[in-house]
Amino acid sequence: MDVQLQELVDKIKKDGVETAEAKAAEIVKEAENKAAAIVKAARSEAETIIKNGLSEAERSEKAAVSAISQAGRNVLISFRDAVIAELNALVLSETTQAFNSAVLSELVPSAVKAWITANDTDDIAVFLSPADVKKLESTFIGALKAEIAKGLEVKSDSSLTNGFRIGTKDGASYYDFSAQAVADLFSAYLNPRVAEILKSAAKEL
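Predicted model only: the values in this text are computed from it and were never measured.

Trainee: So what exactly am I meant to see when it comes to the overall build of the protein chain here?
Mentor: Looking only at helices and strands, one finds five helices and four strands in the protein chain. Within the protein chain, the proportion of its 205 residues that are buried is 21%. Of all intrachain contacts in the protein chain linking residues separated by at least 6 positions in sequence, the fraction that spans at least 24 positions is 74%.

Set out below in structure tokens:
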């Protein structure tokens, strides 16, 4: 009886140990699986974070480069506009000074005679600034005596400060030789050249 009892005890111990070992192995395996899943999820999350971080960094870099590029373009455009404005002011100033009394006393009679020849008409008027009319009327009367006798008129135009306009008496058609008009012609020629020079210079930066 004692032998059978011992055998039963031994069997119970053996079965208990085997069951415990199997359970432990199962717990360990489950833990390993969970750990592996956690590690995999962590790696995936880390990769996603890194990928998003790189994408965000790339976007930020592109945005920064774009902003710097735009700022550079704005600076160059502002500089170009300032240079052209300064050039236009200089051209106008020089043109205004060029239209002095001596130049007008020679240029206006030549322009009048050319207009009469080209248009075959005496219906003509010369428009000058009030100051120039006062200073040069006697000069024109002498130089354009024949044309004045045929109806040429010398008129004062308060909108003119320098230079002159020549055209029909009613003002329906005329040529504008005012300082501003001539300066605009010079500027229209110079400004694209200046812009091209600045563009070429910018490429060298």
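Trainee: Any chance you could explain the environment of L87 here in plain terms?
Mentor: Topologically, L87 is positioned in helix α1 (residues 2–98). As for L87 and S187, which are separated by 100 residues in sequence, their C-alpha atoms are 7.8 Å apart.

Trainee: Sorry if this is basic, but what is going on with the packing of aromatic side chains here?
Mentor: Aromatic rings considered in pairs are described by the distance between their centres and by the relative angle of their planes. For the coordinates displayed, the defined rule picks out three aromatic pairs. Note on F164 and F177: the rings are 5.0 Å apart at their centroids and 25 degrees apart in plane angle, and the pair reads as stacked. One end of the pair, F164, is in strand β3 (residues 163–167); the other, F177, is in strand β4 (residues 174–178), and 13 residues separate them in sequence. Relative accessible area serves as the criterion here: at 1%, F164 is assigned to the buried category.

Trainee: Which parts of the structure should I look at to understand a negative patch on the surface?
Mentor: A surface patch of negative charge is lined by D120, D122, D123 and D170. Assignment of secondary structure puts D170 in the loop between β3 and β4.

Trainee: Sorry if this is basic, but what is going on with the confidence of the model for the protein chain here?
Mentor: In low-pLDDT regions, the fine details of the predicted coordinates are not to be read closely. Counting all residues, the mean pLDDT for the protein chain is 78, and 86% of those residues have values of 70 or more. Highest mean pLDDT in the protein chain belongs to strand β1 (residues 125–128) (88); lowest belongs to α1 (75).

Trainee: Got a minute to help me understand the sheet that holds β1 in this structure?
Mentor: What links the strands of a sheet is backbone hydrogen bonding, and the strands pair in either a parallel or an antiparallel sense. Spatial ordering of the open sheet is given by β2-β1-β3-β4, a layout of four strands whose pairing is mixed. Two strands bound the open sheet, and with one partner strand each, they are β2 (153–156) and β4. Each neighbouring strand pair of the sheet contributes to a mean axis angle of 20 degrees, computed without reference to strand direction. Alignment of β3 against β4, held across five bridges, turns out to be antiparallel. Note on β4: the bridge partner recorded for R165 is D176. Sheet strands in contact with helix α2 (residues 101–119) are β1, β3 and β4, and its direction is about 15 degrees off that of β3.

Trainee: Got a minute to help me understand the pattern of salt bridges in this structure?
Mentor: In a structure, side chains of opposite charge can pair up when their charged atoms sit close to one another. The full count for this structure, using the stated rule, is six salt bridges. Taking the shortest distance from any N to any O, the salt bridge between D132 and K135 comes out at 3.8 Å. In this pair, D132 and K135 both sit in helix α3 (residues 130–143), three residues apart, roughly one turn of the helix. A relative accessible area of 51% means that K135 is categorised as exposed. Put simply, D176 and R165 hold a salt bridge, and the shortest N to O gap is 3.4 Å. Here D176, found in strand β4, pairs with R165, found in strand β3; they are eleven residues apart in sequence, far enough to count as distant. Look at D176 and you get partly exposed, because its relative accessible area is 29%. Relative accessible area serves as the criterion here: at 16%, R165 is assigned to the buried category.

Reading the values: the criteria
- Residues numbered from 1 in each chain as written.
- Predicted model: local features only at pLDDT ≥ 70, side-chain atom pairs only at ≥ 80, totals over all residues.
- Heavy atoms only, no water.
- Helix = DSSP H or I, 4+ residues; strand = E, 2+ residues; numbered from the N terminus.
- Buried < 20%, exposed > 50% of the residue type's maximum accessible area, 1.4 Å probe, protein only.
- Contact = heavy atoms within 4.5 Å.
- Phe/Tyr/Trp six-rings, centres within 6.5 Å; stacked < 30°, edge-to-face > 60°.
- Patch = residues over 30% accessible without salt bridge, like charges linked within 9 Å, V, L, I, M, F, W, Y side chains within 5 Å.
- Areas by Shrake-Rupley, 256 points an atom, 1.4 Å probe, with all protein chains shown as cover.
- Salt bridge = Lys/Arg side-chain N within 4 Å of Asp/Glu carboxyl O.
- Lys, Arg positive; Asp, Glu negative; His and termini not counted.
- Charge placed at Lys NZ, Arg CZ, Asp CG, Glu CD.
- pLDDT = per-residue confidence, 0-100.
- Pairing = 2+ DSSP bridges.
- Axes fitted to C-alpha atoms, helices over the stretch in contact; angles between N-to-C directions.

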